Amino acid sequence: MQQTRTVELGTGLFALLGMGALFFLTTQTTGGKEFTASETFQVTARFENVGSLRARAPVAMSGVTIGRVKGIVFDPYALDAVVTFEIDSSYDQLPDDSDASILTAGLLGSQYIGLQAGGSDTFLEEGSELMFTQSAIVLENLIGKFLVRGGSGDEE
Amino acid sequence: MTGVLRDVYFTVFEFVRTFGALQLFFLRLLMYSPGILVRRFGLVVGQVYNAGALSLVIIMICGFFVGGVLGLQGFSNLAKFNAEDSVGAVAALALVKELGPVITALLFAGRAGTALASEIGLMRATDQLSAMEMMAVNPIRRIVVPRFLGGVIAMPLLAAVFSAVGLLGAHVVGVSLLGVDVGSFWQQMQQSVELADIQEGIIKSVVFGFAASLLAVWEGYNAIPTAEGVGRATTRTVVITAIVVLIFDFMITAVAL
């Protein structure tokens, strides 16, 4: 009897510890900033260069995640990248002249889309396209420009 | 020449036959499992204790030090890019996705798999299994299925404990010893670990649990009934489980990416 009790107690403790560990992993190590919304509407934007933006990247306004990138395709006729993203339908009063830029979270973080509100009276809706966009900053180009400018400065 | 061909033929033939027999054995275990889980749950609990609770010490100690090493290595390499703060993210991703399930499965094979194989193998060698059959007790149901289920239940829980204790180890080394900021340690981790990563780890540990438990009871049940045979079955359990787990790990990672 004593033997059985020890086994049961040990097993119970083990199972609780295992589930506790699992709970700890799922709640404490993940950010929980996965964007979930039941109702969304889709908006597109064209970018000259999307850098390393990926599908599922967050779409943020004033730093708050309001949507996520659904897909990125290259348009072979206009020669630019078309980014489709979905936005939570509860945010249905965003001016349709808002501009979208591809930003980087931190120095080496992942890229996301930042929206900056415009001043228009008409709002974004299903199928709207954002007109004002700013491409991702590509570090190599930046360094290249800096080097060229630095070089010409020396000559003067 | 024909002799060599015949050898090759029989080796291949024997391999395919063994593989098929293993599949059928697995199906039989699965078929008996629901009944045993419902009617003889006490037997399963005893085996969860044997395979899981008794493996906790080795899992926790190894997990702590693996996490600690990740903290050290991550810190010294990330410091080259002034990114020491990311050590939490590196350790968490490595533990949850790879090292937790894989090392737990290898330790599980060494600690619990060998115990299962030698226990069942010794029962075979001392004719206990035949004696049960004489008494119209199905040894697969009474002996093998509870041990198999015990391993299957214990393995994912052990992997979760391993990862959690590993994070504790990484925290102790990274934050307490090397002075990474607590806030950025956890924040960077939470930014980079997604629920999908943890799902991948859970799927891996469940698959490894099935593989390691199945191979252990299979080797034990089919051990040659001699002292040498039981010893060989125990060795084969560890070797084959290690190979199978690492191959499965590669395949699951390839699918998940």
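Residues numbered from 1 in each chain as written. Chains lettered and ligands numbered in written order. Predicted model: local features only at pLDDT ≥ 70, side-chain atom pairs only at ≥ 80, totals over all residues.

S.K.: I'd like a rundown of the interface of chain B and chain A, residues and numbers included.
M.R.: Taken together, the contact between chain B and chain A spans 24 residues of the former and 19 residues of the latter. Looking at the side of chain B that touches chain A, the elements with two or more residues in it are helix 2 (41-51), helix 4 (87-125), helix 6 (139-177), helix 7 (182-192) and helix 8 (195-221) of chain B. Ranked by the residues each element gives to the side of chain B that touches chain A, the list is headed by helix 6 of chain B, at 7 residues. Its residues placed into classes, the side of chain B that touches chain A shows 18 nonpolar, 5 polar and 1 charged. (Contact = placed C-beta atoms within 7 Å. Helix = DSSP H or I, 4+ residues; strand = E, 2+ residues; numbered from the N terminus. Nonpolar A, V, L, I, M, F, W, Y, C, P; charged D, E, K, R; others polar.)

S.K.: Talk me through the environment of B:G174; I want residue IDs and the actual numbers.
M.R.: Residues and elements named next belong to chain B. Mapped onto the elements of the fold, G174 is located in helix 6. Looking at G174, the number of C-beta atoms within 10 Å reads 28, which means it is buried. Each C-alpha atom of the pair G174 and L70 lies 9.0 Å from the other, and the pair is 104 residues apart in sequence. (Buried ≥ 20, exposed ≤ 12 C-beta atoms within 10 Å, placed from the backbone.)

S.K.: So, the nonpolar core: which residues are in play, and what are the values?
M.R.: Counting 79 residues, the largest nonpolar core has B:A92, B:V144, B:M155, B:L158, B:V161, B:A212 and B:V217 as the members making the most contacts within it. The element that contributes the greatest number of residues to this core is helix 6 of chain B, accounting for 21 residues. Contact partners of B:L158, with chain neighbours within four places excluded, come to A:G18, B:G52, B:S55, B:I59, B:T104 and B:F108. One finds A:A57, A:V59, A:I87 and A:L94 within the second-largest nonpolar core, a separate group that totals 21 residues. (Core = buried A, V, L, I, M, F, W, Y, C linked by C-beta atoms within 7 Å.)

S.K.: Run through the sheet that holds strand 1 (residues 40-47) of chain A, naming residues and quoting values.
M.R.: All names here are of chain A. Ordered by their spatial adjacency, 8 strands build an open sheet running 7-1-4-3-2-6-5-8, and the pairing between neighbours is mixed. Of all strands in the sheet, those with a lone pairing partner are strand 7 (129-130) and strand 8 (132-134), marking the two edges. Pairing of strand 5 (residues 99-104) with strand 8 involves 3 bridges; the strand directions are parallel. Counted as the bridge partner of A100 is T133 from strand 8. (Pairing = 2+ DSSP bridges.)

S.K.: Describe the pairing of strand 5 of chain A, and please don't skip the residues or the numbers.
M.R.: As judged from the 6 bridges shared by strand 5 of chain A and strand 6 (residues 111-116) of chain A, these two strands associate in the antiparallel manner. Directly across from A:A100, in strand 6 of chain A, lies its bridge partner A:L115.

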